[in-house]
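These are the residues of each chain, in order.
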Amino acid sequence: MEQQVLGRTGRLVSAVGLGTWQLGADWGEVSEGDARAVLEASLEAGVTFFDTADVYGDGRSEQVIGTFLKEHPDAGITVGTKMGRRLDQVPENYVLDNFRQWTDRSRQNLGVDRLDLVQLHCPPTAVYSMDAVYDALDQLVADGAIAAYGVSVEKTSEALEAIARPNVASVQIILNAFRLKPLEEVLPAASAAGVGIIARVPLASGLLSGKYTKDTVFAENDHRTFNRDGAAFDVGETFSGVPYEVGLEAAARFTELSRDILGDSLTPAQAAIAWVWQQPGVSSVIPGARNVEQARANAAAGHAETLGPLFTSGVREIYDEMIKEHVHDKW
């Protein structure tokens, strides 16, 4: 597995990490046994970066990872968790006392004295420009509760605001073949500042696997069912904000591109993941996995050879012709 530096943390992490939202059983049931098996298979395949949040399964995801860490104390795993979604989303809630409560809970869930990386979990836009927020995060570092901090964002403008702060270690942002705007400003700015980029939703909620059809049915508690119009949270988190039917057609084009250039060397999903981590400035890409097979297949993308400029130009063509008009300017 390719290893890359996670920004200002200085830590080496796997180019392909593991997103663990699904292990909280927030979008379709995943048993604890299956969740543990996914973590085991990922580690065996070279994955050393797990991304979670205190609200995934109301802490279940963190707890499963915590048990796994206890069983693998010398595995060199870095865990990035997120905080901020346990209270109403107003800037007034982003204060030191709440940060301490949230990080204490995460430390307990994960069974660690100090959290490797804590990220603000897509807070209100105003939070990114509040000096007091960064002062509070610096205090948590000084207290020894966290080793480093970063942000998770919805908007490129939020990413740029955070990158300008001297102690922000990483920025997590949606980046995939259907979401190219971060390539224009965010990745170059992050590289120049030494800030790591954690790329989430690399498969556009599974669309880029090429396995879905207009008849695919998702579980009732799956965000791909209940958040297609942004009813629960930012619609960009679900299918990258692209209308499902449009996404299906674009995904079919992506599958053709992958097969034409790469043949059978990578599946479309692996090509989509590899293309993301190979973008300059990306530290790790964090696809989710609901089972061992998916975990192994995703990790294998971390061994992919450089896909090359022809592949990238094909991605850009699909984006310009089919996706760009549906992507909100703020993203």
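Relevant structure appears above.
Residues numbered from 1 in each chain as written. Predicted model: local features only at pLDDT ≥ 70, side-chain atom pairs only at ≥ 80, totals over all residues. Heavy atoms only, no water.

### Things to note about empty space enclosed by the protein
Gaps between atoms show up when a probe of the same size as a water molecule is rolled over them. This is how the line gets drawn: Grid spacing is 1 Å over the protein atoms alone, the probe is 1.4 Å, and a cavity is where that probe fits but cannot get out, while a pocket is an open set with protein on both sides within 12 Å along at least five of seven lines and lining residues have an atom within 4 Å of a point. Grid points are joined across faces, edges and corners, and a volume is the space filled by probe spheres set on the points. Under this grouping Gly is polar, as are all residues other than the nonpolar Ala, Val, Leu, Ile, Met, Phe, Trp, Tyr, Cys and Pro and the charged Asp, Glu, Lys and Arg.
The full count for this structure, using the stated rule, is 1 cavity of 30 Å³ or more. There is about 40 Å³ of room inside the largest cavity. Contributing to the lining of the largest cavity are V16, G17, L18, S42, V47, P287, A295, N298 and A299. Along the lines of polarity and charge, the residues of the lining of the largest cavity split into 6 nonpolar, 3 polar and no charged.

### Examining the layout of surface pockets
As a reminder of what qualifies: Helical segments are the DSSP runs of H or I of at least four residues, strand segments are the runs of E of at least two, and each set is numbered from the N terminus.
Volume-wise, the second largest pocket comes out at about 270 Å³. In this structure, the second largest pocket is lined by 17 residues; those nearest its centre are L69, I77, V79, V112 and D116. Looking at the lining of the second largest pocket, the element that brings in the most residues is helix α2 (residues 60-71), giving 3 residues. Residues of the lining of the second largest pocket, tallied by class, amount to 8 nonpolar, 4 polar and 5 charged.

### Brief notes about helix α4 (residues 131-143)
Heads up, the condition is: What a helix is expected to span follows from its residue count: subtract one and scale by 1.5 Å. Burial here depends on accessible area, computed with a 1.4 Å probe over protein chains only, as a share of the maximum for the residue type. Under 20% is buried, over 50% is exposed, and the range in between is partly exposed. Directions pointing from the helix axis toward each C-beta atom define the arc. Should any heavy atoms of two residues lie within 4.5 Å, those residues are counted as being in contact.
Along its 13 residues, α4 runs 18 Å from first to last C-alpha, staying within 8% of the 18 Å computed at 1.5 Å per residue. When α4 is considered as a whole, its buried residues turn out to be V133, Y134, A136, L137 and L140. Considered in projection along α4, the buried side chains sweep an arc of 155° and stay on one side of the axis. Opposite the buried face of α4, by more than 90 degrees, sit the exposed residues A132, D135 and A142. Packed against the buried residues of α4 are β5 (78-83), α3 (96-110), β6 (117-121), β7 (149-152), α5 (156-163) and β8 (168-174). Phi for G144, located one or two positions after α4, is positive at around 85°.

### Brief notes about the packing of aromatic side chains
What counts, and what does not: Two rings from Phe, Tyr or Trp (for Trp, the six-membered ring) form a pair when their centres sit within 6.5 Å of each other. Planes less than 30 degrees apart are called stacked, planes more than 60 degrees apart edge-to-face, and all others tilted.
Using the criterion set out here, one finds 12 aromatic pairs in the structure. Measuring from centroid to centroid gives 6.1 Å for Y94 and W102, while their planes differ by 70°, and the two rings are edge-to-face. Of the two residues, Y94 and W102, both sit in the buried class. Ring centres 5.9 Å apart and planes at 40° place the aromatic pair F99 and W102 in the tilted group. Remark: W102 and F99 occur in helix α3; sequence separation between them is 3 residues, near one turn of the helix. You can call W102 buried: its relative accessible area is 6%. An aromatic cluster of at least three residues, connected via ring pairs, comprises W21, Y56, F226 and F233.

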